[in-house]
Amino acid sequence: MKDAEPPRNMTFALKSVDLGGGASSAALELAEACTTKERQLTKVQKLARDAYIDAAAVNGIWTADGFTGLHLDHWRADFYAKHTGDTIDAKRKAFGRVRQDLQSAGLISAENDVYLWRDSAVALSIMFQRQGGTSGTVPDNSPECPDAEAGMSGTDRTHPYRGVPCPAPSGVDDDGQTCPSCAGVGCAWCEQ
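Residues numbered from 1 in each chain as written. Predicted model: local features only at pLDDT ≥ 70, side-chain atom pairs only at ≥ 80, totals over all residues. Heavy atoms only, no water.

Peer 1: Report on the packing of helix H1 (residues 43-59) against helix H3 (residues 88-104), specifying residues and quantitative values.
Peer 2: With their axes 10 Å apart at the nearest point, H1 and H3 run at an angle of 90° to one another. When the axes of H1 and H3 are compared, the pair comes out roughly perpendicular. For the pair H1 and H3, contact is made by Val44, Gln45 and Ala48 and by Val98, Asp101 and Leu102, respectively. The class makeup of the residues in the contact of H1 with H3 is four nonpolar, one polar and one charged. (Axes fitted to C-alpha atoms, helices over the stretch in contact; angles between N-to-C directions. Helix = DSSP H or I, 4+ residues; strand = E, 2+ residues; numbered from the N terminus. Parallel < 35°, antiparallel > 145°, perpendicular 65-115°, else oblique. Contact = heavy atoms within 4.5 Å. Nonpolar A, V, L, I, M, F, W, Y, C, P; charged D, E, K, R; others polar.)

Printed below as a string of structure tokens:
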């Protein structure tokens, strides 16, 4: 309705929802509006956040309520692996500084060496990375196709093409049915 008042601004928080059978999903919940403008993270803070997400996807602490944090040792190991400091001492100092900066800014909280990032987008990133993305498809989780290199699979890669099993059908299937496109004579689809 062009004459209606525009809707009010709304802020949402991310909530983990149990779907049963060990599956969970994310849901949005109406939350209080954030009054402070979000500040940009520095490069080292972004590195710390990315290291936190990667480490939490593998070693995070999960309960029935969802993600509850990451132990300092796991976060530190991932940060050290990603940081370009020349020595362990340089990496140790950088990690200590960035952790203190993030805590002072209120972006993370800690209890008994378990850290929790307060941004719901970080929790969502951890959940997606842990579950392999929105569809569960990540590189190298599809079975290899032995005929791909021979050009007989319907794809030039090692994954099925648009759901066609690997190797692709060739004119006549196992039940004696012929290709609907070429009636078993041969076409680009069945590669006969």
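Peer 1: How would you sum up the packing of aromatic side chains? Please name residues and give values.
Peer 2: Here the structure, examined in full by the defined rule, presents nine aromatic pairs. Relative to Trp117, the ring of Trp75 lies with its centre 6.2 Å away and its plane at 70°, an arrangement referred to as edge-to-face. Residue Trp75 is found in helix H2 (residues 72-82), and its partner Trp117 is found in strand E6 (residues 114-117); the two are separated by 42 residues along the sequence. On the basis of relative accessibility, which here comes to 0%, the residue Trp75 falls in the buried class. Where Phe79 meets Phe95, the ring centres are 5.1 Å apart and the plane angle is 50°; that geometry is what we call tilted. Of this pair, Phe79 sits in helix H2 while Phe95 sits in helix H3, and the two are 16 residues apart along the sequence. The same class applies to Phe79 and to Phe95, which are both buried. The ring of Trp62 carries Arg130 above its face, with NZ or CZ at 4.1 Å from the centroid. (Phe/Tyr/Trp six-rings, centres within 6.5 Å; stacked < 30°, edge-to-face > 60°. Buried < 20%, exposed > 50% of the residue type's maximum accessible area, 1.4 Å probe, protein only. Lys NZ or Arg CZ within 6 Å of the ring centre and 35° of its normal.)

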